[in-house]
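# Examining the three-dimensional arrangement
Residues per chain, in single letters:
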Amino acid sequence: MAEVILMPRLSDTMTEGVIASWHKKVGDPVKKGDLLAEIETDKATMDLESYKDGTLLMVGAEKGGKLQVNDLLAIIGQSGEDISQYTAPKGAGPAQPDMQKSVKEENEIVGKGEGDVPPKPEAVVENNTAGEQPDVSRMEEVVLMPRLSDTMTEGVIAAWHKQVGDTVKKGDLLAEIETDKATMDLESYKDGKLLYQGAKKGEKVAVNSLLCIIGDESKVDVQKIVSAVKGGSTPQPSGQNKQQGEPSKSTPAPPPLQEQPQQVVQGEEQTTSTDERVKASPLAKKLAAEKGIDIKQVQGSGDNGRIIKKDVDNFVPAQKAAAQTQQAAPAVAQPQVQGQEGYTDINLSQMRKVIARRLSESKFGAPHFYLTMEITMDKAMEARVQMNEVSPVKISFNDMVVKAVAMALRKHPAVNASWMGDFIRQYSHVNIGVAVAIEDGLIVPVVRFADQKTLSQIAAETKELVGKAKSKKLQPNEFSGNTFTISNLGMMDIDEFTAIINPPDSAIMAVGRIKEIVVRKGDGFGVSNVMKVTLSADHRSVDGAVGAAFLQTFKQYLENPVMMLV
């Protein structure tokens, strides 16, 4: 059965989203977890992933189009499936109920087996006995739990700042909602009276479930709305005492509405006096921290004494406190920092786009594991001095690493391989990629058949390739075909690090700097030069023991350079 995907609320202030791009076209197959689209909100551009398998049958707007929160974004189902019932205008036969059923399945939190009667969706009211079917999600009196982060599925009521019966104005702080990432303020977007709370402090509310009802008590039938949302039950709204006998469904709101706010407010005052919690907007708290102001000393002018940005901007410390400070210590002139927040958007180069895509695919597609080993470089340093006396080209430590890696791969072909999905491809040739940082990003020139070349040949070829890379003159055959990659940050004083595998390789070696350490030598102590390397390997094609054996062989070559010359 086709699934309807609505425009989600991706931020606390989001009312509409812009389609920045579609990553799937109508007719494309879609798998669970595939990137469907990029949605531009009022705060950021966020990825929207599919939560089911199927075929993309329809999109609600093309690239650049705007959709309101809860508007039809896409439909996913079986290829060729009839979706006219979901796209028909409201009131055109049974289309609306079926679409609401799909909406329910999208937001469903409790799983159900095939053939089970689905639970009532929080944002949809089923047909009542009179044949009416009000859509609660479109009632302006109804406030649903918003999706305040991209991974949020439910929110916890950290605190209510308005109680049942309180007058609410647009912009007033209604409640604090604790998500999976932070505790955020929820402000009212309309005027009215708080008629119902869907949960008490500390309780959880699923995204798109009934959070509260705000409106005119003479025009809103609270019990009817609550009963419809809860599937016909008539629970007492949070903060109301049960009266003798069940209230009639036609009763607008129970009488205790006038008494309860006083009880709750008293409880809130006691809580405030006990834990000394300061009512302030997040922006006010941030500004106070930046200016070094004790937020407790600021007098709030907002709703219920809530401290807002204006209060912090206009705050002047008391003269008495200033005098005490002068007596305690000499006055120190504090520099007045006046800055302006801003940013610069940098357009992505094609190289940066490719780097981001390929490394993301590698990091999240290949199960990386890491092996670190310390190499004693004393003999390598001595050998390098002697080799450079006769070599036509200056040999670097990185050239020696390339040669040692190439010879170790010849003995451990399982590391010189690629994961191909249904099989592992082991290469008979050894092509070593050398990561080079350039202005636009990172590029990997390839030293081909490195195991068969001398150190001076590797040094000359590497120098030529690096020069071409920095001048952007590399040919495609010079930066492709790698079977293993080396990334060296030793020249930048990095001791050790881990690198992301460069596809299609199964491994990459991260090389740190050579540094002196004190070691025990004979009966005394001496200085030794060591270098740390870390192997990142794809566990699908390289096992841990295989990677460790490869590093042992590599260590033998570097600690005994003469082995690379015979």
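## As for the overall build of the chain
When its secondary structure is counted, the chain shows 12 helices and 26 strands. Here the chain, with 566 residues, has 42% of them falling under the buried criterion. Partitioning the intrachain contacts of the chain with sequence separation of at least 6 by distance along the chain shows that 60% fall at a separation of at least 24. Taken as a whole, the chain presents about 31300 Å² of accessible surface, with 51% of it coming from carbon and sulfur.

## Some remarks on the sheet that holds strand E23 (residues 446-447)
Spatially, the six strands line up as an open sheet ordered E17-E26-E25-E24-E20-E23, and their pairing is mixed. The open sheet has two edge strands with one neighbour each: strand E17 (368-376) and E23. Direction of pairing for strand E25 (residues 507-521) relative to strand E26 (residues 524-538): antiparallel, over a ladder of 13 bridges. Considered in E26, the bridge of Ala507 is made with Ala537.

## Re the nonpolar core
Grouped together as the largest cluster of nonpolar side chains are 48 residues, with contacts concentrated most on Val405, Ile432, Phe484, Met509, Phe550 and Phe554. With nine residues, helix H10 (residues 397-411) is the single largest residue contributor to this core. Ignoring sequence-local partners within four residues, the contact set of Phe554 consists of Ile375, Val401, Ala404, Val405, Ala408, Met509 and Val533. Within the second largest apolar cluster, 20 residues are counted, among which are Leu10, Ala37, Ile39 and Leu56.

## Section: the environment of Thr534
Along the chain, Thr534 falls in strand E26. Spatially, the C-alpha atom of Thr534 lies 6.7 Å from that of Val511, the residues being 23 residues apart in sequence. At 2.9 Å, the side chain of Thr534 and the side chain of Thr372 are in polar contact.

## Overview of the packing of aromatic side chains
Tallied over the full model, the rule gives one aromatic pair. If you follow Arg384 out to its NZ or CZ, it ends over the ring of Phe397, 4.6 Å from the centre. Across the ring face of Phe525, the terminal group of Arg520 is positioned such that the distance to the ring centre comes to 5.6 Å.

## Brief notes about the confidence of the model for the chain
Mean pLDDT over the chain works out to 80, with 78% of the residues at or above the 70 mark. Overall, residues 90-133 carries pLDDT values under 50, and its contacts beyond four positions in sequence, including any with other chains, amount to 64 contacts. Scored below 50 in pLDDT, residues 232-275 shows 64 contacts in the model against residues more than four places distant or in partner chains.

Scoring rules and cut-offs
Residues numbered from 1 in each chain as written. Predicted model: local features only at pLDDT ≥ 70, side-chain atom pairs only at ≥ 80, totals over all residues. Heavy atoms only, no water. Helix = DSSP H or I, 4+ residues; strand = E, 2+ residues; numbered from the N terminus. Buried < 20%, exposed > 50% of the residue type's maximum accessible area, 1.4 Å probe, protein only. Contact = heavy atoms within 4.5 Å. Areas by Shrake-Rupley, 256 points an atom, 1.4 Å probe, with all protein chains shown as cover. Pairing = 2+ DSSP bridges. Core = buried A, V, L, I, M, F, W, Y, C linked by side-chain atoms within 4.5 Å. Polar contact = N/O pair within 3.5 Å; in protein donor to acceptor, adjacent residues only side chain to side chain. Phe/Tyr/Trp six-rings, centres within 6.5 Å; stacked < 30°, edge-to-face > 60°. Lys NZ or Arg CZ within 6 Å of the ring centre and 35° of its normal. pLDDT = per-residue confidence, 0-100.

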